[in-house]
Structures are given as structure tokens and as C-alpha cells.
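Chain by chain, the residues run as shown.
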Amino acid sequence: MNPTLDLLPIPAERDFPAESLVARRDALVMSIAAEQQHSRAPLRAVLRSARSHISRVWLALIAVFVAVLALALSSLSGYQSRGGTTTEALIAVAGAAQIITVLAAPATRDGVRLGGQVLTLRSREQLARGVIAAA
Amino acid sequence: MAETDRQLWDRAVGGDGAGFGLLFERHARSVYNFAFRQTANWAAAEDAASEVFLVAWRRRQEVVFTNESGSVLPWLLGVATNLLRNARRGDRRAKAAIARLNANEAHPDFSEDLIGRLSDEAQMADVLRVFDRLPEHERDVLALCAWSKLEYEEAAIALAVPVGTVRSRLSRARSHLRELVETNGHELDERTVTT
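### Thoughts on the overall build of chain A
When you go through chain A residue by residue, the secondary structure sums to 4 helices and 2 strands. Each of the 135 residues in chain A was classed as buried or not, and the buried ones make up 27%. Intrachain contacts of chain A at a sequence separation of at least 6 include 56% that bridge at least 24 residues. For chain A, the accessible area works out to roughly 8,500 Å², and carbon and sulfur atoms hold 66% of it.

Written out as C-alpha cells, the structure is:
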């Protein structure tokens, strides 16, 4: 390629030592398999966290809706009887309690643990049961 | 028909470790010899080759294949270049300690192969003494184009620089090398004769 390089001859190429080629290949494959396994674990944690976060947000929104409904009813029905006002106040308290419960609920693998049940968005029934239990 | 590097790479990324094992078998020899020419030590080259593939795996998002053959080798040699460059910049005292350790652990074995390897190492060490006087980027481009026989486009992939940069660096490297050889001609001739 270059006459100058001819003045600096380098040794001929050699094969990778056969006895260690297989051992090193196997070690490499094991290493990358272990790294793949390791890299999937944080991904699972992120997904789990996202799922519980979504469940939490939905439950909180429902609770906010209940609370707002109670307050709206309360402000629109100034002429109502004392019994009606008490009902609205109870609904408002239940909504607020629900918000606190949902936000404080511990996250689990699939969603949030609430009222002895794990709530996920995949199960509307579960969600409804959880809301009722919390309320 | 044998699978291309890209297909094997995709298999590996998809979770099939055997695909990466096949890539290792395919390119280990080239990476091994490239590493030897940077270290002048066959044992270190063997370790470096394994390390290159592991680092390549960790940097798999950055992989580049050649346009024509779809080979991953130039990119692997680029990974090797960076890895060995960093090793060269490492603590000299640590290297000296490792060298002393290796010297102490060496068991005499006068097999023909071992003698050949020792001779290779001495010869390569002499060449590297001259090469080390070149600027790093010129040394890299010479090692890739002259010793590993990469095309300019492939060296550009390895070094992550434009093809024009490879050409200009190679041209400057040749000039510098010529000057070095002319300046140290007598010394080099003696070494060449003795090896």
C-alpha cells in the first residue's frame, strides 16, 4: 500500500486461539443474556409504575368528580331541607376521603391496593368495586 | 446462504444470544489481530477482542453497517480503536505492574508456537515505537487502512468521521511516517534486520 510502511513490516495474522474461541464466545453470550435480563427488569418496573400511576390518576379523578358533584349540589340547593344538605355533606366527605385513600394507596405489581383489592384499569368491575369499597 | 451481519445482529438484539455468538466467531480473528497490532501482546489482544464485543453489545444502539456488504466489522474495529486508545491512556504504573505480574507468571514453554508469538510481539513492539510518535488520529487511520485493509468508507465508519477526513489524515500520516523513517532510518534498519 505504501513503500514507507514496507520499512515497518508487521507480523503475519494469526487465528484466534481455537481452544479459547468457544469458551470466550460462550462467556460473551452468557454475559449479554445476563445484561438483557437485567435491562428488562427496570423496564418492567417502569411499566408497573406507569400502570399504578394511571390507576391512581383515574381513581383520583372519579373521587374529584364525586366531591365536585356534592359541592355543586350543595350550592344549587340552598332551599333544600336539612336532611338533603346532610346527604350532600356526606357525599363531599366521602369524595375527599376517597381522594386521600387513593393517593395514599400502596402501589402493587398491577395497580394500586385499595379496600383489600388490587385495582387495575384492565378490570372495570374491579375498579368499580374498589371505588365503592373506598367510598 | 449464511446470514448477514445485520441479520445476526437483529437476532441478538431480539434476544437470541447465539446470533451474537456467531458474529463473534465471524469477526473475532480480525478484531484479535487488530488488537495485537495496537498492543504487541497476543494475550492482551485476546482479552481485548472479547472486551470489544462486550462493549459493542453495550453500545448496540449506535451500530453502523457498511452500505455494500452490510458488514459490522468496520464499526467493531472503531469500538476496538476507542477501547485500546483509552487503555493506552491508562495509568502507566498500573500497566507496568501488570507487565511485571505477567512476567512473573510466565512459564517457560519452548514450543514453536510460543517462540513465534514472542518473536511477533518483539517485532510489533519495535514497529509501535515508531508509530507512537505519530499523532493519535493519524496512527488510528493507518492501523485501519494499512494494516486492517479497510476501505476509506469503512475507516470512516470506524472512526465516525467523513471519508474526506480519512483521506487527508492518511495522506498526512504517510508524510509523517516517511519523515520518521528518514530521520530514524538507521535505527529502524537495525531493528528490521534483527527481527
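Here the narrative resumes, following the displayed structure.
### Some points on the packing of helix α1 (residues 5-13) of chain B against helix α2 (residues 17-39) of chain B
Residues and elements named next belong to chain B. Between α1 and α2, the least distance of the axes is 7 Å, while the angle of their chain directions is 140°. Between α1, through Asp5, Leu8, Trp9, Arg11 and Ala12, and α2, the contact on the second element is made entirely by Ala18, Gly19, Phe20, Leu22, Leu23, Arg26 and His27. For the contact of α1 with α2, a count of residues per class yields 7 nonpolar, 2 polar and 3 charged.

### Observations concerning the pattern of salt bridges
Counting across every chain of the model gives 21 salt bridges over all chains. One salt bridge connects B:Arg58 with A:Glu35, and the closest N-O pair in it is separated by 2.6 Å. Pair noted here: B:Arg58 is in helix α3 (residues 42-58) and A:Glu35 is in helix α2 (residues 18-76), and the two residues belong to different chains. Classification of B:Arg58 by relative accessible area gives partly exposed; the value is 47%. Look at A:Glu35 and you get partly exposed, because its relative accessible area is 23%. Across the salt bridge formed by B:Arg11 and B:Glu3, the nearest N and O atoms sit 2.4 Å from each other.

### Let's talk about the nonpolar core
Of all hydrophobic cores here, the largest spans 62 residues; its most connected members are B:Phe20, B:Phe131, B:Leu142 and B:Trp147. With 10 residues, α3(B) is the largest single contributor of residues to this core. Residue-level mapping places this core at the junction of two domains, with at least three residues from each of domain 1 (5-100) and domain 2 (111-194) of chain B. Contact partners of B:Phe20, with chain neighbours within four places excluded, come to A:Leu28, A:Ile32, B:Trp9, B:Ala12, B:Phe53 and B:Trp57.

### Some points on helix α4 (residues 73-88) of chain B
Each α-helix turn comprises 3.6 residues. Residues three or four places apart therefore point the same way. All names here are of chain B. Its 16 residues place the ends of α4 22 Å apart at the C-alpha level, agreeing with the 22 Å of an ideal helix rising 1.5 Å per residue. Along α4, the residues classified as buried are Leu73, Pro74, Trp75, Leu76, Leu77, Gly78, Val79, Ala80, Thr81, Leu84 and Arg85. For α4, the elements touching its buried residues are α1, α2, α3, α7 (136-147) and α8 (152-159).

### What about the side chain of B:Arg169?
Residue and element names in this part refer to chain B. The topology assignment puts Arg169 in helix α9 (residues 163-183). For the buried Arg169, which has no salt bridge, the nearest side chain bearing the opposite charge is Asp140, at an N-O separation of 6.3 Å. Setting aside residues no more than four positions away along its own chain, Arg169 makes contact with His137, Glu138, Val141, Leu159 and Val161.

### Here we look at the environment of A:Thr86
All names here are of chain A. Along the chain, Thr86 falls in helix α3 (residues 82-104). Residue Thr86 is classed as partly exposed on the basis of its relative accessible area, which comes to 43%. The sequence separation of Thr86 and Ser74 amounts to 12 residues, and the corresponding C-alpha distance is 9.4 Å.

### Comments concerning the packing of aromatic side chains
Describing an aromatic ring pair means giving the distance of the ring centres and the angle of the ring planes. Tallying each qualifying case throughout the model produces 11 aromatic pairs over all chains. Ring geometry for A:Phe16 versus B:Tyr32: centroids 4.9 Å apart, planes at 55°, classification tilted. Linking A:Phe16 in the loop between α1 (3-6) and α2 with B:Tyr32 in helix α2, this pair reaches from one chain into another. Classification of A:Phe16 as buried rests on a relative accessible area of 7%. Among the residues examined, B:Tyr32 registers a relative accessible area of 0% and is labelled buried. These aromatic residues form a ring-pair network of at least three members: A:Phe16, B:Trp9, B:Phe20, B:Phe24, B:Tyr32, B:Phe36, B:Trp42, B:Phe53, B:Trp57, B:Phe65 and B:Trp75. For B:Arg60, the ring lying beneath its charged end belongs to B:Trp57, and the centroid distance is 4.1 Å.

### Concerning α8(B)
Residue and element names in this part refer to chain B. Looking only at α8, the buried set comprises Ala155, Ala156, Ala158 and Leu159. One side of α8 carries all its buried residues, which in axial view fall inside an arc of 160°. Check the buried side of α8 and you find it contacts α4, α7 and α9.

### Structural notes on the interface of chain B and chain A
Buried accessible area, meaning the area lost when the parts come together, often serves as the stated size of an interface. Each partner contributes residues to the interface: chain B has 44 residues there, and chain A has 26 residues. Buried surface at the junction of chain B and chain A, both sides included, amounts to about 3,400 Å², of which 62% is carbon and sulfur. A per-residue breakdown of the area chain B buries against chain A is headed by B:Phe24, B:Arg29 and B:Glu46, which together make up 16% of the total. Put simply, chain B and chain A have 9 salt bridges between them. Across the salt bridge formed by A:Asp15 and B:Arg29, the nearest N and O atoms sit 2.4 Å from each other. Per-element accounting of the side of chain B that touches chain A gives the leading share, 12 residues, to α2(B). Split by residue class, the side of chain B that touches chain A holds 25 nonpolar, 8 polar and 11 charged.

Criteria and thresholds
Residues numbered from 1 in each chain as written. Chains lettered and ligands numbered in written order. Predicted model: local features only at pLDDT ≥ 70, side-chain atom pairs only at ≥ 80, totals over all residues. Heavy atoms only, no water. Helix = DSSP H or I, 4+ residues; strand = E, 2+ residues; numbered from the N terminus. Buried < 20%, exposed > 50% of the residue type's maximum accessible area, 1.4 Å probe, protein only. Contact = heavy atoms within 4.5 Å. Areas by Shrake-Rupley, 256 points an atom, 1.4 Å probe, with all protein chains shown as cover. Axes fitted to C-alpha atoms, helices over the stretch in contact; angles between N-to-C directions. Nonpolar A, V, L, I, M, F, W, Y, C, P; charged D, E, K, R; others polar. Salt bridge = Lys/Arg side-chain N within 4 Å of Asp/Glu carboxyl O. Core = buried A, V, L, I, M, F, W, Y, C linked by side-chain atoms within 4.5 Å. Domains from an automatic or database assignment. Expected span 1.5 Å × (residues − 1). Lys, Arg positive; Asp, Glu negative; His and termini not counted. Phe/Tyr/Trp six-rings, centres within 6.5 Å; stacked < 30°, edge-to-face > 60°. Lys NZ or Arg CZ within 6 Å of the ring centre and 35° of its normal. Arc of directions from axis to C-beta. Buried area = accessible area lost by both parts, 1.4 Å probe.

That's the geometry; what it means functionally is another story.
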